[in-house]
Amino acid sequence: MYWPILGAAGWLGRLVLALGCLIATPAWTWAGDAVTPQSTGSIQTTSETKNETAQGNLIGHGGPVKSIAIDAERRLGLTGSFDYAMMAWDLTGDLPKEAQRFDENDGAVNAVAFVPRSRLALSAGDDGALSLWDLDDARLVHRFKGHTAKVVDIAVSDDGTWAVTASWDRSARLWNLQDRKPGPVLAGHKGPVNAVAFSADGAHAFTASYDGAIRMFKADTGDFVRPVFRHGWGINALKRLPNDARLVFGALNGTAAVIDIDSGDTVAELGTSQRPILALAVTRQPGLVAVGGGDGRVRVFRLGDFESIEEYQNPYGPAWGLAFAPGGTALYIAGLDDFVARWSITPRDPFEPIDSPFPRRFQVSEDSDDPVDKGRVHYARKCSVCHTLKQDGKNRAGPTLHGLFGRKIASLPGYPYSEALKKLDIVWTEETVSRLFELGPENFTPGSKMPLQKMTDKSQRDALIAYLKTTEAAQNGRTAPEHSKGANE
Ligand code: HEC
């Protein structure tokens with residue numbers, strides 16, 4: 001049993017799947033869960049931001065954060081976001097510091113990893129590539145290409161020689177990081193491959209898939225060795241336990257369990273959940289494993305006896321990425337917010353959930369008849385994850401749309417446009433913006449790194465443009481202050 005592969009048009013769909021329909025449903029609720037935000041018919045704006053500055057949170061991305069990795073020895077962090085960027089964090093001081101930004105990705109960054117024994121790091125994502133970066137100067141060292149769909153997980157062998165990537169093209173691929181050459185392709189799964197891991201000695205690679213199987217391959221040749229485990233549901237997450245012949249996995253049906261690689265036996269079940277398990281983290285010192293779900297529930301277990309020691313609940317969204325802080329005293333939790341929350345395990349923080357801005361800018365509901373109000377909702381849901389309307393030009397995945405009308409395409413200084421966009425000769429007007437979403441970026445601006453999305457209903461496009469025009473007028477101090485209220489930026 002596995003989920004259908006989603007087409008290229010489904011970037012929002014994928015987000016929606018991962019969110020449990022938070023974005024697409026007007027009166028959005030967590031099915032069966034604690035939070036049922038009231039749908040009032042008025043715009044719900046994001047005003048609560050105070051905890052964004054809470055001690056230790058990683059603040060700097062321009063979109064939801066999908067993954068995080070921590071190097072405990074070097075006290076360094078890596079995060080990958082919907083904003084197409086990877087960021088590196090210096091965790092040596094009392095407060096985290098932004099160390100580097102890695103901007104040249106052509107899609108959302110779904111996975112990040114350190115390369116042991118080097119000053120290199122890896123990112124991979126919706127662009128289907130694996131990118132190797134220099135941590136010191138943020139230079140792109142190499143880009144490995146071969147996957148034909150997005151990449152969602154990376155693992156690196158302990159000696160830093162091999163990386164393995166999991167892709168929705170139903171394969172995993174090995175890449176030699178030393179000679180920068182592609183290695184074997186690990187095939188055979190009947191669904192998207194969601195997660196990968198290496199054995200402690202680096203001789204074997206493990207792959208986990210929506211088809212419910214965990215498979216074992218020889219790392220040097222790519223030869224299939226044997227199936228390790230079969231689960232009745234799709235597997236989303238996989239990690240190897242430190243120095244151990246055991247794997248921990250998390251599945252679509254809420255199961256998280258530790259299995260023995262040799263026998264395939266289940267060693268321990270790590271509780272149960274009603275919602276998919278989306279993220280796992282393991283730390284050796286002290287030995288802990290964390291399990292995070294689509295319902296925002298995060299549980300911490302002790303390695304060894306697998307006793308549950310702490311539990312944490314963020315009611316406002318899923319845990320997409322987890323990593324222990326150096327020393328294992330805190331856990332970083334990545335998800336729908338533009339920042340990564342740091343949750344203190346010891347000493348235990350109060351039970352209150354993260355005070356995240358909620359509803360977030362893209363979680364709005366509205367039933368007004370006013371086209372500008374309708375346009376604001378379209379903007380919030382379909383554009384605000386990737387664009388701001390602010391002049392200061394803090395870009396998200398895409399450039400700011402401030403001052404869009406009358407602007408030549410790809411002309412904003414400082415934004416890393418694709419070569420394809422730079423070659424086009426278009427000026428943004430009501431008409432060209434409308435055409436962009438009537439035909440879709442792929443057709444109107446071929447080669448663009450803006451994902452394919454269409455708005456086939458002309459009245460929706462008109463509403464969106466009417467809204468964009470009023471925010472611009474208001475920001476230029478001309479008219480329509482009324483509509484500028486609560487702009488979803
Ligand atoms: C998933 C991210 C994403 C979403 C969602 C998105 N965009 Fe974009 N957009 C981008 C990226 C990335 C670029 C730059 C494309 C390039 O360089 O090839 C871009 C470029 C653009 C441009 C050209 C800007 C310029 O300076 O030439 C316009 C106009 C635009 N987007 C409008 C929109 C609107 C309106 C929406 C909502 C209906 C939207 N985008 C939704 C990522 C996104």
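Before reading further, recall that the structure is shown in the block above.
Conventions we followed
Residues numbered from 1 in each chain as written. Predicted model: local features only at pLDDT ≥ 70, side-chain atom pairs only at ≥ 80, totals over all residues. Heavy atoms only, no water. Salt bridge = Lys/Arg side-chain N within 4 Å of Asp/Glu carboxyl O. Helix = DSSP H or I, 4+ residues; strand = E, 2+ residues; numbered from the N terminus. Buried < 20%, exposed > 50% of the residue type's maximum accessible area, 1.4 Å probe, protein only. Near = heavy atom within 4 Å. Polar contact = N/O pair within 3.5 Å; in protein donor to acceptor, adjacent residues only side chain to side chain. 1 Å grid on protein atoms, 1.4 Å probe; cavity = no way out; pocket = protein on both sides within 12 Å on 5 of 7 lines; lining within 4 Å. Sits in = over half its atoms within 2 Å of the grid points. Nonpolar A, V, L, I, M, F, W, Y, C, P; charged D, E, K, R; others polar. Pairing = 2+ DSSP bridges. Axes fitted to C-alpha atoms, helices over the stretch in contact; angles between N-to-C directions. Points joined across faces, edges and corners; volume = space filled by probe spheres on them. Phe/Tyr/Trp six-rings, centres within 6.5 Å; stacked < 30°, edge-to-face > 60°.

1. A word on the pattern of salt bridges
At step 1: Taken as a whole, this structure holds 16 salt bridges when the rule is applied.
At step 2: Measuring nitrogen to oxygen at the nearest pair gives 3.1 Å for the salt bridge that ties Glu 430 to Lys 469. In this pair, Glu 430 sits in helix α4 (residues 430-439) while Lys 469 sits in helix α6 (residues 458-475), placing the two residues 39 residues apart along the sequence.
At step 3: Exposure remark for Glu 430: the relative accessible area of 44% places this residue in the partly exposed category.
At step 4: On the basis of relative accessibility, which here comes to 34%, the residue Lys 469 falls in the partly exposed class.

2. Observations concerning the site of the ligand
At step 1: Close to the ligand lie 27 residues, the nearest being Cys 383, Cys 386, His 387, Ser 418 and Met 450.
At step 2: His 387 has a polar side-chain atom sitting 2.8 Å from a nitrogen atom of the ligand.
At step 3: Judged by its atoms lying within 2 Å of the grid points, the ligand is housed in the largest cavity.
At step 4: Here the shell around the ligand is composed, by residue class, of 19 nonpolar, five polar and three charged.

3. Thoughts on the pairing of strand β14 (residues 193-198)
At step 1: For β14, the buried fraction is high: six of the six residues fall into the buried class.
At step 2: Between β14 and strand β15 (residues 204-209), which pair antiparallel in sequence order, lie five residues; one of them, Gly 202, sits at a positive phi of approximately 75°.

4. So, the sheet that holds strand β28 (residues 339-344)
At step 1: Taken in spatial order, the four strands of this open sheet run β1-β28-β27-β26, and their pairing is antiparallel. Each of the sheet's edge strands pairs with one partner strand only, and the pair in question is β1 (58-59) and β26 (321-324).
At step 2: As paired strands, β1 and β28 are joined by two bridges and run antiparallel to one another. Paired with Ile 59 across the two strands is Phe 339, which belongs to β28.

5. Some points on α4
At step 1: Within the span of α4, buried status applies to Thr 432, Val 433, Ser 434, Leu 436 and Phe 437.
At step 2: Positive phi appears at Gly 440, one or two residues downstream of α4, with a value of about 95°.

6. Considerations on the sheet that holds strand β23 (residues 288-293)
At step 1: As summarised here, the arrangement of the four strands in space is β22-β23-β24-β25, forming an open sheet in which the pairing is antiparallel. A single partner strand is all that each edge strand has here, and the edge strands are β22 (277-283) and β25 (308-313). With strand direction ignored, the average angle separating the axes of adjacent strands in the sheet is 15°.
At step 2: Pairing geometry for β22 and β23, over six bridges, is antiparallel. When the bridges of β23 are listed, Ala 281 appears paired with Ala 290.

7. Regarding empty space enclosed by the protein
At step 1: Throughout the structure, instances matching the rule amount to three cavities of 30 Å³ or more.
At step 2: Estimates place the volume of the largest cavity at around 500 Å³.
At step 3: For the lining of the largest cavity, the secondary structure elements donating two or more residues are α2 (371-382), α4 and α6.
At step 4: Examining the composition of the lining of the largest cavity, we find that three residues originate from one element, α4, more than from any other.
At step 5: For the second largest cavity, the calculated volume is near 90 Å³.
At step 6: Going through the elements one at a time, β27 (330-334) and β28 are the ones with two or more residues in the lining of the second largest cavity.
At step 7: Of the residues in the lining of the second largest cavity, the class split is eight nonpolar, four polar and two charged.

8. Here we look at the packing of aromatic side chains
In this description, a pair of aromatic rings is defined by centroid distance and the angle of the planes.
At step 1: As enumerated under the stated definition, the model contains nine aromatic pairs in all.
At step 2: Note on Trp 168 and Tyr 210: the rings are 5.6 Å apart at their centroids and 65° apart in plane angle, and the pair reads as edge-to-face. With Trp 168 in the loop between β11 (162-167) and β12 (172-176) and Tyr 210 in the loop between β15 and β16 (213-218), this residue pair connects regions lying 42 residues apart in the sequence. Tyr 210 shares its class with Trp 168; the two are buried.
At step 3: Considering the side-chain rings of Phe 229 and Phe 249, the 5.1 Å spacing of their centres and the 45° angle between planes classify their relative orientation as tilted. Residue Phe 229 is located in strand β17 (residues 224-230), and its partner Phe 249 is located in strand β19 (residues 246-251); the two are separated by 20 residues in the primary sequence. Like Phe 229, the residue Phe 249 is buried in the burial classification.

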